[in-house]
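# Geometric and topological summary
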Amino acid sequence: MRRRYTSVLIILLLLSASSNAGDWAPVTPAGRQWSFPADHRSHPEYKTEWWYLTGQLEAADDPGRRFGYQFTFFRVGLLPERPNLDSLWAAGGLIMGHASITDAANGKHWFSEVLWRDSPLFGGFGGASGAEIATCMGPAGTSAWWSLDAEGDGFRIRMEDRRQEMALELLVTAEKPMVFQGPGGVSRKGENPGAASYYYSFTRMATRGAISSGGASLEVNGASWMDREFFSSELTGSQTGWDWFSIQLEDGRELMLYQLRNSDGTPAFGRGTMIPAQGDPVYLEMSKDWELKATGNWESPETGISYPSGWELIMDDQGGPGTLRLTIAPIIPNQENVSRRSGLAYWEGAVTVHPAGADPGSPPVGRGYAELTGYGENNRPPV
């Protein structure tokens, strides 16, 4: 079905598109001089950036009850510099937050979002020091603010949406060193030298805290994955979206894969990273090192969009005895996020991983998350 964009967002996106690409800092093939923890914080010289956390959790008093969650802050640049106005309303960009909770046992999925101008009245991004990385007002009817703060060797996230009866307060702590998703942190998105982002991840983070879904609060623990990405380029004219996967294998390895798609649905460009239990990451190219095939589809009853649902992954075992063949399956089919603020919909969901041909009832050999964007009509991401 066709969804209506809100008039406010159309205006903002037009303003964003009207700024010259040369006004924003480019991602260069030579990379950048990284500095941590400073680079965990905002980079307003780039047009777009995000802090993306996903994970799978279990109830502390019932380990068999499992949940997936997503928590994301986006910074969307509209102007390279904040307008020189004596006003608290003045803003050079937007802060957007998305959050979701999936209850595997009950087959339910909750989604919440916020979209505010980057200004002291509504929210924004922390400075060079202090714990605050990003914060903003909650949705209408919710007094608590959403926040992402640095804490110890990790981060603390908080969100609440009273109307949706959902909330997250989680502490995520790195269990493995940070990984660059591409040599020097440069992640290629096409053959054009400018089609790239700066991208790094914490691929395995111990997680504990509390979640609320449907009004019921539970203590939880589990494992998370954090992606950090910033850039100024956009999808090329022929690219309509992407399929992205983060997988934590039981043998201590992690795997990240993404493939950008052409308008006809065929893969246009893809990269990946295999992170061993110990040692340096191995960078992978789509088709050469791995192949991903959808094995089924799921049609959203809300939007009518048909998404892939279930995949087979074939790749070199990267140090193992031969070819690695895995099946990837959603923990429930409906994990679609329908954004009323942007007019876009995407599928962001928890998945389990099994060896190809394994009994569906056997324990998984891995867990992770998948993100599917750009499916359906008039649903191309504006980045």
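Conventions adopted
Residues numbered from 1 in each chain as written. Predicted model: local features only at pLDDT ≥ 70, side-chain atom pairs only at ≥ 80, totals over all residues. Heavy atoms only, no water. Helix = DSSP H or I, 4+ residues; strand = E, 2+ residues; numbered from the N terminus. Buried < 20%, exposed > 50% of the residue type's maximum accessible area, 1.4 Å probe, protein only. Contact = heavy atoms within 4.5 Å. Areas by Shrake-Rupley, 256 points an atom, 1.4 Å probe, with all protein chains shown as cover. Lys, Arg positive; Asp, Glu negative; His and termini not counted. Charge placed at Lys NZ, Arg CZ, Asp CG, Glu CD. Core = buried A, V, L, I, M, F, W, Y, C linked by side-chain atoms within 4.5 Å. Pairing = 2+ DSSP bridges. 1 Å grid on protein atoms, 1.4 Å probe; cavity = no way out; pocket = protein on both sides within 12 Å on 5 of 7 lines; lining within 4 Å. Points joined across faces, edges and corners; volume = space filled by probe spheres on them. Nonpolar A, V, L, I, M, F, W, Y, C, P; charged D, E, K, R; others polar. Polar contact = N/O pair within 3.5 Å; in protein donor to acceptor, adjacent residues only side chain to side chain. Patch = residues over 30% accessible without salt bridge, like charges linked within 9 Å, V, L, I, M, F, W, Y side chains within 5 Å. Salt bridge = Lys/Arg side-chain N within 4 Å of Asp/Glu carboxyl O. pLDDT = per-residue confidence, 0-100.

### Examining the overall build of the chain
- Scanning the chain for helices and strands turns up 1 helix and 25 strands.
- Taken along its principal axes, the extent of the C-alpha atoms in the chain is 65 × 50 × 45 Å.
- Evaluated residue by residue, the chain yields a buried proportion of 55% over its 383 residues.
- Relative to all contacts within the chain whose residues are 6 or more apart in sequence, the contacts with residues 24 or more apart total 56%.
- Of the accessible surface of the chain, which amounts to about 16600 Å², a share of 52% is contributed by carbon and sulfur atoms.
- With 32 positive and 45 negative side-chain charges, the chain shows a separation of 3 Å between the mean positions of the two kinds.

### Here we look at the nonpolar core
- In this structure, Y69, F71, F73 and L148 are the most contacted members of the largest nonpolar core, which totals 63 residues.
- Considering every element that reaches this core, the biggest residue donor is strand β12 (residues 196–213), with 7 residues.
- Other than its neighbours up to four places away in sequence, Y69 contacts L53, T54, G55, L57, S100, I157, L168, L170, V172, S224 and Y369.
- Among the nonpolar cores identified, the runner-up in size contains 27 residues, and W290, I305, M315 and V351 belong to it.

### Remarks on the pairing of strand β25 (residues 366–372)
- By the criterion of burial, β25 is predominantly enclosed, with 6 of the 7 residues buried.
- In this sheet, β25 lies alongside strand β14 (residues 239–249) in antiparallel orientation, the contact comprising 7 bridges. Paired with Q248 across the two strands is R367, which belongs to β25.
- Examined bridge by bridge, strand β24 (residues 345–355) and β25 share 7 bridges and lie antiparallel to one another. By the bridge assignment, V351 is partnered in β25 with G368.

### With respect to empty space enclosed by the protein
- A complete count under the given rule lists 1 cavity of 30 Å³ or more for this structure.
- When its residues are assigned to classes, the lining of the largest cavity shows 3 nonpolar, 7 polar and 1 charged.

### Here we look at the side chain of K189
- Structurally, K189 can be placed in the loop between β11 (186–188) and β12.
- Within polar-contact distance, the side chain of K189 engages the side chain of S197 at 2.9 Å.
- Not counting chain neighbours up to four residues away, the residues in contact with K189 comprise A195, A196, S197, Y199, E229, Q239, Y258, L260 and F269.

### Notes on a nonpolar patch on the surface
- Together, L88, W89 and L121 give the surface a local cluster of nonpolar side chains, amounting to about 300 Å² of exposed area.
- For W89, a relative accessible area of 47% puts it in the partly exposed group.

### Notes on the pattern of salt bridges
- Taken as a whole, this structure holds 17 salt bridges when the rule is applied.
- As a salt-bridge pair, E254 and K176 come within 2.8 Å of each other at their nearest N and O atoms. Of the two residues, E254 sits in strand β15 (residues 254–262) while K176 sits in the loop between β9 (166–174) and β10 (179–180), which places them 78 residues apart along the sequence. By the burial criterion, E254 is buried, and K176 matches it.
- Through salt bridges with shared partners, a single ionic network connects D149, E151, R156, R158 and E169.

### Section: the confidence of the model for the chain
- Averaged over every residue, the pLDDT of the chain is 90; the share at 70 or more is 93%.
- Contacts for the low-pLDDT stretch residues 1–18, under 50 throughout, to residues beyond four places or in other chains number 31 contacts.

### Remarks on the environment of R325
- Checked against the element boundaries, R325 lands in strand β22 (residues 323–330).
- Here the alpha-carbon distance between R325 and A356, two residues 31 residues apart in the chain, equals 5.4 Å.
- Residues within four places of R325 in sequence aside, it is in contact with E312, L313, I314, H354, P355 and A356.

### Brief notes about unusual backbone geometry
- The residue after F36, namely P37, is reached through a cis peptide bond having omega 15°.
- Tracing the backbone shows P37 in the loop between α1 (7–18) and β1 (48–59).
- A positive phi is found at E165, a non-glycine position, where the angle reads about 55°.
- Its identity is not glycine, yet N378 carries a phi of approximately 50°, on the positive side.
- Following the sequence through the fold, N378 ends up in the segment after β25.

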